[in-house]
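# Notes for the structure review
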Amino acid sequence: MRMIRCFVPGLLLCLLIGLVPFAQAQNDDAAGQALLEALAVSSYEAKGEAIESIITSGDERSRRWLDELLDGKLQRHKDTGRFVIVLENRGRNWPVIDALSFEEAGEMSRRDLDRIGINNALRGQLQSALAVLDLYTDDVDDRRDAARELLGSVDAAMVEPLRELIGSEDDAEVRRLLEQGLAIHRLNEGDIEAIAELEGSLNSRVRAALNSATQSDDPLVADAASAALLDIEQKLRINSGLETLYFGLSLGSVLVLAAIGLAITFGVMGVINMAHGELIMLGAYTTWGMQQLLPGQPGLSLVLAIPAGFAVAALAGIAIERGVIQFLKGRPLETLLATFGVSLILQQLVRTVISPLNRTVVSPEWMSGSLMINEGLSLTLNRLFVLGFALVVFACLMLVMRRTRLGLEVRAVTQNRAMARAMGIRATRVDIMTFALGSGVAGLAGVALSQLTNVGPNLGQNYIIDSFMVVVFGGVGNLWGTLVAGLSLGVINQVLEPWVGAVLAKIVVLVFIILFIQKRPRGLFPQKGRAAEG
Amino acid sequence: MWLSRPFRERSTQLFLGVLLAALAAVTFLNLALPADNPFHVSTYTVTLLGKYLSYALLAVAVDLVWGYLGILSLGHGAFFALGGYAMGMYLMRQIGDRGTYGDPVLPDFMVFLDWDSLPWYWLGFDMPWFAFLMVILAPGLLALVFGFLAFRSRVTGVYLSIITQAMTFALMLAFFRNEMGFGGNNGLTDFRELLSFDLRSDATRLGLFIATGIALALGYVICRAIVASKLGRVSVATRDAEARTRFLGYRVERFQLFVFVVSAMLAGVAGALYVPQVGIINPSEFSPIFSIEVVLWVALGGRGTLYGAVIGAILVNYAKTVFTGVMPDAWLFALGGLFVLVTVFLPKGIAGLLGYRFRGHRFKGRHSKRRSSAPDTSTSDTSTSGTREATA
Amino acid sequence: MIPTLPAHSSRWLAASLLSLGVAAPALAQEDPIKVGILHSLSGTMAISESTLKDTVEMLIEKQNEEGGLLGRQLEAVVVDPASDWPLFAEKARELLAQEEVDVIFGNWTSVSRKSVLPVVEELNGLLFYPVQYEGEESSENVFYTGAAPNQQAIPAVNYLMNNVGVERWVLAGTDYVYPRTTNKILEAYLKSHGVADEDIMVNYTPFGHSDWQNIVSEISQFGSQGKKTAVVSTINGDANVPFYRELGNQGINAADIPVVAFSVGEQELSGIDTAPLVGHLAAWNYFMSVDTDANYDFIDAWIEHTGDEMSVTNDPMEAHYIGFNMWAEAVRKAGTTEVDAVKDAIIGVSVPNLSGGYAAMMPNHHITKPVLIGEIQDNGQFSIVWETPSTVAGDAWSDYLEGSRDLISDWRKPMECGNYNVVEGSCGSGQAEAAAE
């Protein structure tokens, strides 16, 4: 990091002062080659200097070069010394374009290419340098991000240009962030008034600056910084409470998703389906398969994976029902044994047919990152989506069970099978549909889980026991029970976790379930009426 | 005397006869025949058979509560593992100062974690009598507390199964923690000797095999005695119609508790015999999947027959040994397929296939009738179905 | 008839168990050399171990194409210990006692090695263990071709301290013996370099932990105190995917708080979308991106063996490559596969590694390795940003731990001791007794 300091201020300065470099274009190939040649050294210090000279060269291609350098795509042919940009760097042979002319240059073996490597320090500084450029873009969000990126990295040389920039900036948020950036700089110089400007900010870099200010030699500054910090921490406490609640609901939503399918097959049909976890796994693998079919479109494939995952798992469910469970009517405990066998087979099938290794499932752009509520609290988007998805799935299930003919028939068959058959309901068909529904929902859970965790043969195993706990805790046969049980177990777990650690939190939750069942032997929401006695 | 009753039963006589004959045969084939004789049984095989027998004892314990009491325990692995840990702790203390760090008292992993003294729950385990007592008492106590709570509040059926699962799962997580002082994930290992017999010698291995066989025989007799006594008949009544039995004036939960505790103790003994033969005890024995597997052995062999549990345990584990060697890539297909086929086509397990029906063994009366005449009930399990009938 | 069944079945069982081991090789004129492979092909560890089985099979094939060893062909004996630790011991016994293999390549987890160890020692087998591990062990019969803590953890921390300027440390690991030992060594090491107690945060999670929200939030809290912070991760296999995802989503990037991992390699990354992880670090002794001809040849052979253009290589595979070649070299040198002769011959054997240098077997049964630090790239590979100037010899007993500081291991004659106490001048008492027998 230290060595980077030597070039970055100068770089930032010249970027800020009217963007000199890009004014005069001189795209001479020989000069370009020489600029790039300077990058192909092993010392990171020398690379830093080479980057600086690229920026100041005024070459129009420099932005692209820097971007490709950041991505590790700028490479050099070992024998010819020609610089190329790699378009796709997986596999053995890579398609490349010429780095000087940007024209296609066929394929090259990775064996013959030398990557121009950068390290973290270089990358970080390069990123913030490029961020400065974004301060001049038209897009407000980009400008805000750029301004946020600059917090904590403002130094003396940048003060004046930044002041000018603030004057010409229309967006209040960008202005505020830049002011804060300047304030941090002033605070570092020992200016006590800067603290007033930073008060109340929840940004972590502001806090970092205040924290180091508390170590200041000037007791006045140190005291003021401590006071400001105290105030900030008070605000953060509310934040962290909300955050824990969100974590809990998020974990709970995962539990609900995993368990809700089981609540149908187990709770409604009485089938103890040990292969439930593997049905979840099938859903996750379907997401992966979709992404293989539609490379480069993670968003679309994820959306398509929702019906596909449902269908695949539902079909597998029908196969299990027809192949195994229909022979075990009235022997629910034996369904446990047979489906355990099915789960072993499914796991090994995935290992043999696909791979024993985990598969990569890419998150679409709109599911990565987080939603910023305030500077100290942001909700991770993928989990927010899963939470929403769980609630939607639950609502749909409730609709199906309450408002459709299928739901009516399912409830009828559950309550009194013989009577339902006498009324002309085809119980076998209802069984198939119910099991397919429960399995399909497990598939949906798999689609969602593929965004949170490993997609591999063991995926199902990790959720099966938790799922049973949730269903039993909520009360077998009650979908509301499953929802409440899942969410509350999630929240309890996350509230406990910071105090006692992840393992003990889980143990405490399990012991809590055991004791709770003693108190209410039929779960949170026991089924009422004659059906419950069955 | 109630313990002598089983010896008058033909089934028990046969079982004991076969078991003891097998023990004698293996011992003879191991000791008397030279190693190059095709009928020689190697010490490797003897140890393997010893392991199967300890699993068989565990399966008998599970069958006692499942087959005769109607309690499907998905947590018997916990009792097995507790017995195993008690034995393991004794074996650890026997290592003495021969550990890596040469500490005369502390096991290696404690030295490593910077513990300066033995935690209180390790005290006494250097004395064999205390350790062996704990083999029985530790699982017994857990079963007593757990069973007291569960049976008192009449937790039944699936709820009971799932909380037994929660129990073993919680214990597994707890034992995985290094702070617990049971060696964490690595468990207890590198045992040297048992009652000053070298665990690596062939004679000790054979001895352990024979001891396991005898323990299995004793366990079987105890279970048969319980089953054949009045206690056993009340248990079966509880299994088939819990509410009705209660209304007849029996304190059902006491019977349940007694049988449950005995079963847990047997599982503990099985665990204690298992550990020196495989040479390691680790929290994975607590894993709920293992407990489910044990239930599968019983189901495969034939629930509610005791000898079926023995057959199932030995058969499945033998299959596992062979398949993991012969078809390492595909053995799970075979095992999974076996479970599916047996449950679908052999509802009474192998014991049912053999067509053997000893008096008092089979599911009697309405239970078996229900199976054939009303195949479409979707209720949860035997004990709750009894409740329904009683309330109807 | 039930009465006959158990007796019948047990005899049949015994006989068939025997026949398994005996029938096949009896026919061959020149017995092949048997190589046991003890890696889980099912269960939780199959994810990591199954490729190692393929690696050894590939190496055996290659050796056979070159004419085998000592004029004999090699034959792989594969068993599946199914991620079940007692089964590891049983299968090791099967390999040594029934199959009578000449050498075993196997194991991944510490507990499986601990489970197998007494068996290998009792039956005097040879075991090559290819995974980075916690040290604190030296067995006469085991050769540790993976990294000891001083070949991975300490150089990585040095790099962060000196080249990145890290002052605050999060030591996050899965709760088992490897992370515990590594973190203990690192804590001692960091404190000896003037890091204060409050600048170290230690956190353990269970296996397969999937909900990292709280912990990642704590880490980002810990990292916003004004000092450069890094996470040293000994998080095991499966738990890494949700961990890195959470890191990415909570916006912790490598420039703010870099994570250096000791258990995340190319294979683990092949299950993760690495775009948000660019710049996070890993320390290994080999990366697939190492730019040498030997490595490219190895990768080509591996791709040909698996038939998958996209298959990756990783550090434990290189360890098996080195271990296998060392064993073959020692067999050639000894002129026999007999265990004791090979054990003596292998010390000092030196074979090329894949990163352009040589690996030598040290008297403590560990090998010399270069230490490489790599940054994760968007294509699931690592870009090497730093490496040790020369190779580092593996240290069985850490210099930073009370109790093992004074121990050394030397299996050459006349010392032949795995835990010789240099202060007391004696071999550990257990070993002394074993030697006396």
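Note that the coordinates shown come from a computational prediction; the quantities given were computed from them, not determined experimentally.

Thresholds applied
Residues numbered from 1 in each chain as written. Chains lettered and ligands numbered in written order. Predicted model: local features only at pLDDT ≥ 70, side-chain atom pairs only at ≥ 80, totals over all residues. Heavy atoms only, no water. Helix = DSSP H or I, 4+ residues; strand = E, 2+ residues; numbered from the N terminus. Contact = heavy atoms within 4.5 Å. Pairing = 2+ DSSP bridges. Patch = residues over 30% accessible without salt bridge, like charges linked within 9 Å, V, L, I, M, F, W, Y side chains within 5 Å. Areas by Shrake-Rupley, 256 points an atom, 1.4 Å probe, with all protein chains shown as cover. Salt bridge = Lys/Arg side-chain N within 4 Å of Asp/Glu carboxyl O. Lys, Arg positive; Asp, Glu negative; His and termini not counted. Charge placed at Lys NZ, Arg CZ, Asp CG, Glu CD. Buried < 20%, exposed > 50% of the residue type's maximum accessible area, 1.4 Å probe, protein only. Domains from an automatic or database assignment. Buried area = accessible area lost by both parts, 1.4 Å probe.

The next subject is the side chain of Asn214 of chain C. With respect to the helices and strands, Asn214 of chain C occurs in helix α7 (residues 213-222). Contact partners of Asn214 of chain C, with chain neighbours within four places excluded, come to Phe247, Gln494, Glu497 and Pro498 of chain A.

Residues and elements named next belong to chain C. Strand order in the open sheet formed by 3 strands is β17-β18-β19, with antiparallel pairing between adjacent strands. A single partner strand is all that each edge strand has here, and the edge strands are β17 (407-410) and β19 (426-427). Relative to β19, strand β18 (residues 417-421) is paired through 2 bridges, and the arrangement is antiparallel. When the sheet's bridge partners are listed, Asn421 is paired in β19 with Ser426.

We now examine a positive patch on the surface. Residues and elements named next belong to chain B. A surface patch of positive charge is lined by Arg5, Arg8, Lys230 and Arg233. In this structure, Arg5 sits in the segment before α1 (10-31). A relative accessible area of 32% means that Arg5 is categorised as partly exposed.

What follows covers the environment of Asp112 of chain A. Residue and element names in this part refer to chain A. Relative to the helices and strands, Asp112 is located in the loop between β4 (104-109) and β5 (113-115). We classify Asp112 as partly exposed; its relative accessible area is 31%. Spatially, the C-alpha atom of Asp112 lies 5.5 Å from that of Lys78, the residues being 34 residues apart in sequence. Residues contacting Asp112, with those up to four places away along its chain left out, are Arg76, His77 and Lys78.

All names here are of chain C. A cis amide bond links Lys413 to the next residue, Pro414, at an omega of 0°. Note that Pro414 resides in the loop between β17 and β18. Phi is positive for Leu70, close to 50°, though the residue is something other than glycine. Mapped onto the fold, Leu70 is located in the loop between α2 (46-65) and β2 (74-79).

Turning to a nonpolar patch on the surface, a few remarks are in order. All names here are of chain B. On the surface, a nonpolar cluster with roughly 390 Å² of combined accessible area is contributed by Met127, Trp129, Leu133 and Leu137. Within the secondary structure, Leu137 is located in helix α5 (residues 128-152). We classify Leu137 as partly exposed; its relative accessible area is 35%.

Residue and element names in this part refer to chain C. Taken domain by domain, chain C holds domain 1 (19-147 + 293-368), domain 2 (153-261) and domain 3 (407-436). Here domain 1 and domain 2 have C-alpha centroids that lie 32 Å from each other. Carbon and sulfur atoms supply 66% of the area that domain 1 and domain 2 bury against each other, a total of about 510 Å² over both sides. Of all residues in domain 1, the largest losses of buried area upon contact with domain 2 belong to Ser110, Gln132 and Glu134, amounting jointly to 60% of the total for that side. Counting every contact that joins domain 1 to domain 2 gives 0 salt bridges.

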